[in-house]
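# Observations on the three-dimensional arrangement
One letter stands for each residue in the lines below.
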Amino acid sequence: MAQSSFKAPSFTVSVRGLARYALVAVFVVVFAIFSAIAPAFLSGANLLSVLVNNFALLAIVAIAMTFAVAAGGIDLSVGTAIDFASFAFVSLVLAGQPIPLAILGGLVGASLVGLFNAILISGVGISPFLATLGTLFVGRSAQQLLTNGGNPVYLPPSSVPEAFRFLGHGGIAGIPVPFVVAFGVIAGAYLILSHTRFGRVVLATGIQASVVRYSGIALSRYTAATYVLVSAIAAVAGLIVTSTVTVYIPSSGNAFLLNAIGATFIGTTLDPHGRPNIPGTVLGVLLLSIVANGLLLSGLNFYWQQVATGLLIFSVLAIGFANRKAASRA
Amino acid sequence: MATSVKWYETDDIISLSAIVKRFGGAQALCGASLSVKRGTVHGLVGQNGAGKSTLIKLLAGLHEADEGEIEIDGIAYTGLSPQKVEHLGIHFIHQDRLLVPTFTVGEALFLGREPRIAGTPFLDRKLMRQKSADILDRYFGLRLPNSALIDELTAAEKQIVQITRALLDNPKVLVFDEPTATLVRREAELLFKLIRRLRDEGITILYISHYLSEIVDLCDTVTVLRNGRDVATLPVRETSAKEIGALMVNRDIAELYPKPKIAQGSPFLELEGLGLANRYADVSLTLHRGEVLGLTGLVGSGAKELLRTLFGLETATSGAVVVEGDTVFPASPAAAAAKRLALVPEDRRRDGVALDLSVTENTTLASLDHFSRAGLLDRGAERRKASELIERLQIKTDSVGALVRTLSGGNQQKVAIAKWLSRRSEIYLLDEPSVGVDIAAKVEIYTLIGELAQRGAGIIVLSSDIDELLGITDRVLVFFRGRIIREFISTKTRPDQVLAELTGANETLRHVG
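About the thresholds
Residues numbered from 1 in each chain as written. Chains lettered and ligands numbered in written order. Predicted model: local features only at pLDDT ≥ 70, side-chain atom pairs only at ≥ 80, totals over all residues. Heavy atoms only, no water. Pairing = 2+ DSSP bridges. Helix = DSSP H or I, 4+ residues; strand = E, 2+ residues; numbered from the N terminus. Axes fitted to C-alpha atoms, helices over the stretch in contact; angles between N-to-C directions. Contact = heavy atoms within 4.5 Å. Domains from an automatic or database assignment. Buried < 20%, exposed > 50% of the residue type's maximum accessible area, 1.4 Å probe, protein only.

### Some thoughts on the sheet that holds strand E6 (residues 90–94) of chain B
All names here are of chain B.
- Taken in spatial order, the six strands of this open sheet run E6-E7-E8-E3-E9-E10, and their pairing is mixed. At either end of the open sheet lies a strand with only one pairing partner, and these are E6 and strand E10 (229–235). Sheet twist, expressed as the mean angle between neighbouring strand axes with direction ignored, is 20 degrees.
- With six bridges connecting them, strand E9 (residues 221–226) and E10 associate as antiparallel partners. Looking across to E10, one finds that Leu225 is bridged to Asp230.
- Packing against the sheet, helix H6 (residues 155–167) makes contact with E6 and strand E7 (173–177), and its axis sits at approximately 175 degrees to E6.
- Across the face of the sheet, helix H9 (residues 241–249) comes into contact with strand E3 (41–46), E9 and E10 while running at roughly 25 degrees to E9.

### Looking at the domain arrangement of chain B
- What the domain assignment reports for chain B is domain 1 (2–256), domain 2 (262–340 + 426–513) and domain 3 (350–424).
- On a C-alpha basis, the centroid separation for the pair domain 1 of chain B and domain 3 of chain B is 36 Å.

### Here's the deal with unusual backbone geometry
Residues and elements named next belong to chain B.
- Of note in this structure, Asn278 is not a glycine but carries a positive phi near 65 degrees.
- With a phi close to 55 degrees, Asp282 is a non-glycine residue in the positive phi region.
- Note that Asp282 resides in strand E12 (residues 280–288).
- Looking at Asp282, the relative accessible area reads 53%, which means it is exposed.

### Describing the environment of Arg494 of chain B
- Within the element layout of this structure, Arg494 of chain B appears in the loop between strand E22 (483–489) and helix H18 (495–502).
- Each C-alpha atom of the pair Arg494 of chain B and Val36 of chain B lies 34 Å from the other, and the pair is 458 residues apart in sequence.

What follows is the structure, encoded as structure tokens:
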């Protein structure tokens, strides 16, 4: 085509390259600012606490969300999956079951949430947004019914086994367990999304579902599997948070929802084609985590955190948009 | 008065002369000229890259020419803007031109020029309703409710809204850019009727199309562009679709439909009394290895639904599908693909290729099993396969990693076929394989079809282009009202014979007689 020869490759490549690294640049700038204005920010203890307390949990949830977004959907019920994992886990520990069985119970509990979503989305054909929104509401009510109107379920210190503490507070070779688990989830998710047949089909579904079906791929099975996987990953965060605080608080998992969505979309700017991707999501989570921590340390009002997070999402997505516009002009 | 009529007849309402346009280093137009006589339907054809769209964008005021002159109604203009062009009475009907989907028909028609009740800032809704209803009824015999949402309209109805919007301005020239690309044939025929009527009412039409048969049916004059130049302007009466096609590619007519001689192999795909309720009934046919079988029929004749059934997109209500002696039930595309069936769908950009996946990712999408072990993908192997197929099908792309969106229609179609070659499918169902494909790529696709047949594949081509069908197939089956009514041997058949069966002309005669 005549138009396609209208190209200045070096220019578009550089604009694209620039926009791709904008996320990294924003991260470096934010990091530098906090180091300058809040001396405590740069201390090893603080950075470690950011990684363990803020980053690890949100990273796991955001990675779960990344799969839903990659498949062209969204999962508003990741919090519900976290809660169900947490509830099943705590209940089994209280009943005196061994920890491995309790962990398995937590994963199964959360996967039921995913299965419910899968049936609504793949079976009934409801849009992911509405299906998971429904699950969010149903899940909230179910938890209130299960806990006499939303009472927390505490684990008395006497009934907390050693293995349980290890999950929340232990370390492997000096590295805190939550961080090790998060790292494992990140590595596994990267492998799945970028290097497996499943991951490719998920990405292709998100980009143009009809072509996936016309390519002789059992689309609905893959979509169903995706939503079960999302819940199962989110469950891992539920297990860790419960081990850390030794309590199940109904509907507390929803606290991660908006940040997980934010981090996923911030992360899409790292990909040249704007696709959801694991490294991007991780960087997005890291950015949101240090912003929360840095603002806290600089003594800013807590409520400004949300404003800052919003501004960050705007700016990174604006760059990402400029990025794709430049790419589409190529 | 006769002299003044004479003067009008020879008057060019649009005259672009010796236009040169460069984009960066690439020369899109190098001295192209186009003169459109007042009151005629003027066709503009050319392959992708010939400069058609650039020329039209210059006329629309979207680009500025580097050299050359644009005259409208005998007056030379420079620095045209889209508003100015519209003001001069030239309106563009484009398939991709956006209408706000959530507006009502009435709102869309008058967007930006809403009539007001004299002396007030209030919209004159009554006048809007009357004017639009009047035009819709007069030209289209259509009662589109003013309150219908654009989103709810079919592609044809959206186009009617666009045309109506232009007619409200009493245009002098209407430019149709690939207007039938999104229409089914019955709708296209209505459009042609309308265009002739508009011409008779004195509106000049510039008509751009890939379909040469449309040009021949519709236009008075045709200009052929090739490599940024106008290579011929001919009265349509004195030429033919084949001659125009040959001018576009600068080739002999015989080379347009390469068809190798292939010895027919064993029966490959057999349909035994296949039926789908309310769509088609009692379809029996045998496709042999090495055979290219053509299907044709009007919209609703059942031919398209038959292809969809074979690929598992519809479920047959009676009969059997047999592949090399095995009775199969293609209940889903996955099941059909497992039986070596491959569908290259008509709506390429929706179903055939994923525009925002790369050439490699599209190429391997239907055959990921070949490139993965224990679920893990071997991306190197994928790229090697894609490179091999790019080479073999001569797919023009910057790289194996380029998005398919950046490819031309013909090259996108080759990717849609490559996807199945990668899977080593053997029964190819091609639904309108050359729609929206430029002539050079068409010839390459025809050649590929011949090669596949030579290697022992079985191929079914569904097409409404009868020249094409007779040129590349061994046999042609004509569908009419859900049944196969006639079989032709391609080499012994003239297009008009097929056409007569297709439209049911013979059928009607039989009933009447």
